[in-house]
Amino acid sequence: MGSRSGLDAVFAPRGVAVIGASDREGSVGRTLLRNMIERPFGGTVYPVNPAHEQVLGIKAYPSIADIPGVVDLAVIATPAAGVPGVVRDCADRGVRAAVIITAGFRETGPAGVELERRIRSEARRGKMRIVGPNCVGVIDPVRGLNATFAGTGALPGRVAFVSQSGALCTAILDWSLEANVGFSKFVSIGTMLDVGWGDVISYLGDDPQTDSILLAMESVGDAAAFLSAARAVALAKPIIVIKAGRTGEAAKAAASHTGALTGSDDVLDAAFRRCGVLRVERIDELFMMADILSKQPAPAGRRLAIVTNAGGPGILATDVLISGGGELATLSAQTLAALDAMLPKHWSHGNPVDLLGDADAERYAKAIDLVAHEPGADGVLVIFAPQGMTEASAVARSLEPYAHLSGKPVLASWMGGATTEQGVSILKHAGIPHFAYADTAARMFNYLWKRRQAIRALYETPEPLHLREVDAGQRAQADAVLAAARAQGRVLLTEIESKRILEAYGVPVTQTLLAASVDDAVCAAERLGYPVVIKLNSTRVTHKARIGGVRLNVATAESVRIAYREIAEQTGEAFEGVSVQPMVASRGYEVMIGSSVDAQFGPVIAFALGGSLVEVVADRAVALPPLTTTLARRMMERTRIYQALAREDGFAPVDLAELEALVVRFAQLVVDRPRIKEIDVNPLLVSPEGVIALDARIVLHDHALADADLPRPVIRAFPERYVWTWPLQSGERLRIRPIRPEDEPAMSAFHRSLSEASIHLRYGGIPTLDERVAHEQLSRMCFIDYDREMTLVAEREHPGSGESAVVGVGNLVRLRDEDGAEFAILVGDGYQHRGLGSELLSRLTEIAREERWGTVVGYIMQENLAMQDVCRRLGFSVRFVPAEGLMVARLERP
């Protein structure tokens with residue numbers, strides 16, 4: 001059952017059984033039933049209690065099997081030990097979903113885990129969806145459904161709120177009534193035995209009643225499902241999250257409370273950025289941001305202009321802005337001159353624009369007009385502090401005309417109490433978000449541009465990067481290294497072994513020679529040329545320098561002999577010879593790239609200041625693989641060392657594009673080699689001469705761990721198994737492969753090459769060329785989640801140039817509301833009637849079978865007889881559906 005149909009049973013049930021309904025005052029069962037019958041929701045309520053004929057005056061039933069009507073949803077509030085049996089009865093009855101209110105499961109230990117296992121087994125047998133256990137329940141205020149034991153209901157609105165914490169749910173509900181805040185959906189998700197964040201986000205993404213989604217999270221649960229759903233929805237609807245467990249102590253508390261592991265907070269932040277989710281620090285900020293995003297546009301950048309009549313609040317706002325990564329907008333000479341001409345001579349002469357304490361509404365209006373049209377400002381904050389000579393409401397009215405600037409948010413802070421109330425009311429009515437304090441407004445602006453930046457990064461076209469193919473020989477080299485370690489029962493690779501694996505993936509390394517004796521070391525040094533570096537070679541020690549296993553700048557044969565003996569003496573049993581490599585002298589920078597496994601998100605890529613300071617100076621950033629050049633750059637930009645690499649102040653420049661490409665290849669290595677547990681490339685020298693790994697360390701997972709159990713990236717990498725070479729009858733060979741983000745320019749060229757007839761048969765002639773090749777459209781085609789859809793491109797290479805061109809596209813999208821997938825085929829004019837459309841559709845049905853996506857359907861225009869014939873030859877049924885006005889091709893479970 002698809003996730004949407006399952007959750008339709010939760011939020012739009014035709015019949016609801018309240019199992020554990022009770023007459024007892026103060027009981028959960030009584031409150032549940034009272035809430036269910038208080039407002040009509042379009043369905044029937046059936047109390048289930050074997051000890052009573054009636055509950056709250058409503059006929060009760062001994063069991064769910066005795067209910068005569070349709071039951072889509074069961075709300076269960078019985079003791080934990082009996083819940084598996086209740087779910088079994090529900091599955092037998094054909095109930096589609098259940099909300100389990102009861103606590104006492106995994107959070108109690110092994111016995112509770114076993115209860116959950118039994119519940120999950122029964123639910124899967126009956127194809128039921130389970131919300132909870134240990135939850136307050138769900139509310140759909142728009143429909144009138146209240147399946148909770150909360151003391152109050154919720155007002156209808158356009159914001160969905162989802163929380164793991166039941167106590168937070170009841171507190172928010174109580175607050176929302178006083179604050180007049182409404183909700184489209186209100187969900188207490190509990191410990192997520194079945195329905196998790198990904199299911200709810202996907203459902204709310206399709207919900208026409210929901211404009212934005214607020215999450216109060218304790219643990220991520222199914223990280224892959226969360227990231228996949230959030231990335232698909234975040235572009236259309238803001239997703240704002242507060243995540244408990246930022247500190248180590250809080251993370252431990254969250255783990256004990258929810259029974260789930262929590263991962264590194266840095267990694268969690270990286271995951272949120274990767275899917276366009278905005279993380280806030282405080283509960284009230286969830287609702288502030290939902291309000292802002294519903295009223296104001298996203299800023300183009302991080303530059304804020306501040307207009308104020310009080311210097312202190314302007315300075316406080318500036319501090320918060322800068323410390324959060326924002327910038328004060330630099331006012332142009334033209335704007336400054338205009339301000340000079342109309343303001344008193346003692347104004348601030350810069351940003352913040354301090355109008356001084358006697359500023360009246362007219363002075364505000366003129367200054368706001370100038371700043372609002374300043375091209376160097378991405379947003380405007382207007383601050384008002386009450387003064388005896390200025391009327392708060394008049395100043396607020398002067399801001400009204402600027403409430404909806406194109407691409408530039410306007411925020412306001414009318415500080416004070418009773419004297420500013422009327423002005424605040426004017427601002428709210430105009431759609432201008434208001435904050436009691438200016439520093440809060442600055443913090444909200446930082447959230448705005450950070451969300452815009454994250455969304456933009458999701459669909460920013462990366463530089464074309466021809467990933468270095470790992471040929472059979474290189475793959476065999478890496479395989480041999482790993483096989484040797486396995487045969488010897490080792491999980492620690494030597495430096496030389498580690499470098500061989502890096503080399504196979506296009507990471508340049510220093511030439512390194514192994515020496516098992518003093519004489520071998522001297523010979524190696526003379527072969528490489530002095531000076532050299534002598535290092536301990538060991539299969540036991542991970543950090544050589546810590547035990548005296550490294551000698552730098554060794555310049556003579558005698559020095560080599562001394563270094564060899566000293567390392568042998570100081571490292572004792574760990575000594576297994578030395579490695580010798582050139583001493584690289586450069587004006588470059590030492591950085592580190594590495595990878596380790598996060599408990600929730602699997603392998604993670606890290607970039608940091610390198611050398612001996614890596615663990616002393618906290619200058620690192622992390623990202624989830626796989627990476628594009630854009631994602632690699634965005635990760636590195638969050639470090640201070642990157643600012644040094646990118647500076648243009650007379651130092652010899654480094655090739656940042658080369659560094660980006662190397663990080664992408666390194667991430668590919670991490671994805672391809674799940675047997676690797678940790679990698680450190682430290683130092684990685686970045687200089688005007690290039691990028692080269694001076695040292696490397698690889699640790700493997702325990703060999704007892706089966707391949708199927710190895711941690712994998714939560715974001716699905718490019719599926720190489722779906723790459724084929726296909727010959728045409730003419731002898732020309734096309735390459736058919738899944739689409740990549742880097743394909744946007746090629747897809748633009750493909751669409752520009754199509755005839756109007758081809759466009760009509762595929763799209764019905766609706767989109768114009770400009771619409772088809774717009775970045776927003778093409779980026780969504782190229783940036784896909786391979787777990788949700790698969791797009792194949794057929795490309796031909798131009799002889800001699802090595803460049804390729806797309807000549808056909810096949811798309812297959814999973815359907816969320818049923819078990820199946822929808823296909824679409826588009827073939828370039830020069831390759832039509834040559835079998836390419838048939839080949840693409842055949843490959844898509846093969847993928848649907850391997851991915852277990854169910855029935856494959858496609859919608860074809862009546863006049864497209866060729867495509868209909870292709871479908872029939874491949875076993876599809878093809879018939880006209882009047883309701884669609886199209887031919888529908890269907891292949892049941894290929």
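None of these values were measured; they are calculated from a predicted model. The numbering scheme is per chain: residues are counted from 1 as the chain's sequence reads. Residues qualify for local features only when their pLDDT is at least 70, as the model is predicted, and side-chain atom pairs are given and counted only at 80 or more; totals for whole chains, interfaces and linings, by contrast, use all residues. Only hydrogens and water are set aside when side-chain values are computed; all heavy atoms of the structure are taken into account.

S.K.: Break down the sheet that holds strand β22 (residues 550–554) for me, with residues and values.
M.R.: Within a sheet, each strand pairs with its neighbour through backbone hydrogen bonds, oriented either parallel or antiparallel. Think of it this way: DSSP has to see at least two bridges between two strands before they count as a pair. A run of DSSP states H or I qualifies as a helix once it reaches four residues; a run of E qualifies as a strand once it reaches two. Both are numbered from the N-terminal end. Here four strands make up an open sheet; going across it, the order is β20-β23-β21-β22 and the pairing antiparallel. Where the open sheet ends on each side, the last strands, each with one partner, are β20 (513–515) and β22. Between one strand and the next, the sheet's axes are offset by a mean angle of 25 degrees, whatever the strand orientation. With five bridges joining them, strand β21 (residues 532–536) and strand β23 (residues 578–582) adopt antiparallel strand pairing. Looking at β23, one finds that V533 is bridged to Q581. Only C-alpha atoms enter the line fits that serve as axes; for helices the fit covers just the stretch in contact. Angles between N-to-C directions range over 0 to 180 degrees.

S.K.: Any chance you could break down the state of the cysteines for me, citing the residues and the numbers?
M.R.: Cysteine sulfurs are considered disulfide-paired once they come within 2.5 Å of each other. One pass over the structure, following the stated rule, counts zero disulfides. Of all cysteine sulfurs, the one in C169 lies closest to C135, which takes part in no disulfide; the gap is 8.7 Å. When accessible area is computed with a 1.4 Å probe and restricted to protein chains, residues below 20% of their type maximum are described as buried, those above 50% as exposed, and intermediate ones as partly exposed. A relative accessible area of 4% places C135 in the buried class.

S.K.: Tell me what's going on with the packing of aromatic side chains, and back it up with residues and numbers.
M.R.: Only centres within 6.5 Å qualify two rings of Phe, Tyr or Trp (six-membered ring in Trp) as a pair; their planes then separate them into stacked at under 30 degrees, edge-to-face at over 60, and tilted for everything else. Throughout the structure, instances matching the rule amount to 16 aromatic pairs. Considering the side-chain rings of F226 and F272, the 6.0 Å spacing of their centres and the 75 degrees angle between planes classify their relative orientation as edge-to-face. In this pair, F226 is assigned in helix α7 (residues 223–234) and F272 in helix α9 (residues 265–275), connecting sequence segments 46 residues apart. Aromatic pair Y564 and F575: ring centres 5.3 Å apart, planes at 85 degrees, arrangement edge-to-face. With Y564 in helix α20 (residues 557–571) and F575 in the loop between α20 and β23, this pair connects stretches of sequence that are eleven residues apart. Among the aromatic residues, ring-to-ring pairing joins F161, W175, F183, F186 and F287 into one connected group. In this scheme, Lys NZ or Arg CZ marks a charge over a ring once it lies within 6 Å of the ring centre and within 35 degrees of the ring normal. Its guanidinium or amino end placed over the ring of Y61, K59 lies 5.1 Å from that ring's centre, counting from NZ or CZ. Residue placement shows R762 over the ring face of Y763; its charged tip is 4.6 Å from the ring centre.

S.K.: Any chance you could break down the pairing of strand β2 (residues 44–48) for me, citing the residues and the numbers?
M.R.: With respect to burial, β2 is a largely interior element, four of its five residues being buried. Taken together, the five bridges between strand β1 (residues 15–19) and β2 define a ladder with parallel strand orientation. When the sheet's bridge partners are listed, G15 is paired in β2 with T44. The definition of a right-handed crossover adopted here requires that, viewed with the strands pointing away, the path from the first strand over the helix to the second runs clockwise. Between the parallel elements β1 and β2, the chain passes through helix α2 (residues 28–38) in a crossover that is right-handed.

S.K.: Tell me what's going on with the nonpolar core, and back it up with residues and numbers.
M.R.: Side-chain atoms within 4.5 Å link the members of a nonpolar core, which is a set of buried Ala, Val, Leu, Ile, Met, Phe, Trp, Tyr and Cys residues. Counting residues in hydrophobic clusters, the biggest one holds 117 residues, and the most contacted among them are F226, F601 and F823. Broken down by element, this core gets its largest block of residues, seven residues, from α7. Contact criterion: two residues are considered in contact whenever any of their non-hydrogen atoms come within 4.5 Å of each other. Residues within four places of F226 in sequence aside, it is in contact with W197, G198, I201, L215, M217, V220, F272, C275 and V277. Ranked by size, the runner-up nonpolar core spans 48 residues in total, among them M635, M636, F666 and I698.

S.K.: Tell me about empty space enclosed by the protein, and please be specific about residues and values.
M.R.: Method remark: on a 1 Å grid restricted to protein atoms, a set of points is classed as a cavity if a 1.4 Å probe fits but cannot get out and as a pocket if it is open with protein on both sides within 12 Å along at least five of seven lines; lining residues have an atom within 4 Å of a point. Grid points are joined across faces, edges and corners, and a volume is the space filled by probe spheres set on the points. Following the criterion strictly, the structure yields three cavities of 30 Å³ or more and no others. Within this model, the largest cavity holds a volume of roughly 80 Å³. Forming the walls of the largest cavity are 14 residues, and the residues nearest its centre are L493, E495, S538, V541 and K544. When residues of the lining of the largest cavity are traced back to their parent elements, those giving at least two are α18 (495–504) and β29 (697–700). Residue classes in the lining of the largest cavity are distributed as six nonpolar, five polar and three charged. Reported here for the second largest cavity is a volume of approximately 50 Å³. Charged means Asp, Glu, Lys or Arg here, nonpolar means Ala, Val, Leu, Ile, Met, Phe, Trp, Tyr, Cys or Pro, and polar covers whatever is left, Gly included.

S.K.: I'd like to hear about the sheet that holds strand β37 (residues 886–891), residue by residue, with values.
M.R.: One open sheet accounts for eight strands, arranged β30-β31-β32-β33-β34-β35-β37-β36; its pairing is mixed. The two strands at the open ends of the sheet, each matched to only one other strand, are β30 (724–727) and β36 (877–881). Sheet twist, expressed as the mean angle between neighbouring strand axes with direction ignored, is 25 degrees. Sheet topology places strand β34 (residues 820–827) next to strand β35 (residues 855–860); four bridges connect them, and they run parallel. Paired with A821 across the bridge in β35 is V856.

S.K.: Report on the pairing of strand β10 (residues 155–163), specifying residues and quantitative values.
M.R.: On any regular strand, side chains alternate: one points to one face of the sheet, the next to the other face. In terms of strand pairing, β10 meets strand β11 (residues 182–188) through six bridges, oriented parallel. Within β11, the position partnered with L155 by the bridge is G182. Between the parallel elements β10 and β11, the chain passes through helix α5 (residues 166–179) in a crossover that is right-handed. Bridge count for β10 against strand β12 (residues 212–217) is five bridges, and the pairing is parallel. Directly across from V162, in β12, lies its bridge partner L215.

S.K.: Just give me the short version of the side chain of S188, but keep the residues and values in it.
M.R.: Tracing the backbone through its elements, the reader meets S188 in strand β11. The definition of a polar contact used here is a pair of N or O atoms within 3.5 Å, where within protein one atom must be able to donate a hydrogen and the other to accept one, and adjacent residues in sequence count solely through side-chain atom pairs. Within the structure, S188 has its side chain in polar contact with the backbone nitrogen of V136 (distance 2.8 Å). Beyond its immediate sequence surroundings of up to four residues, S188 is in contact with V131, C135, V136, G137, S163, G166 and C169.

S.K.: Got a sec to walk through the side chain of E839? Specific residues and values, please.
M.R.: Along the chain, E839 falls in helix α28 (residues 836–851). Sequence-distant contacts of E839, defined by excluding residues within four places in its chain, comprise W726 and I736.

S.K.: Can you explain α28? Please cite residues and give values.
M.R.: Multiplying one less than the number of residues by 1.5 Å gives the expected span of a helix. With 16 residues, α28 extends 22 Å between its outermost C-alpha atoms, agreeing within 8% with the 22 Å of an ideal straight helix rising 1.5 Å per residue. The set of residues buried in α28 consists of L836, G837, E839, L840, L841, R843, L844, T845, I847, A848 and E851.

S.K.: Got a sec to walk through the packing of α7 against α9? Specific residues and values, please.
M.R.: Two numbers describe how α7 lies on α9: the axes approach to 8 Å, and their chain directions differ by 40 degrees. For the element pair α7 / α9, the angle class is oblique. Together, F226, L227, A230, R231 and A234 of α7 and A271, F272, R274 and C275 of α9 make up the contact between the two elements. A breakdown of the residues in the contact of α7 with α9 according to their chemical character gives seven nonpolar, no polar and two charged. An angle counts as roughly parallel when it lies under 35 degrees, as roughly antiparallel when it exceeds 145, as roughly perpendicular when it falls between 65 and 115, and as oblique in every other case.

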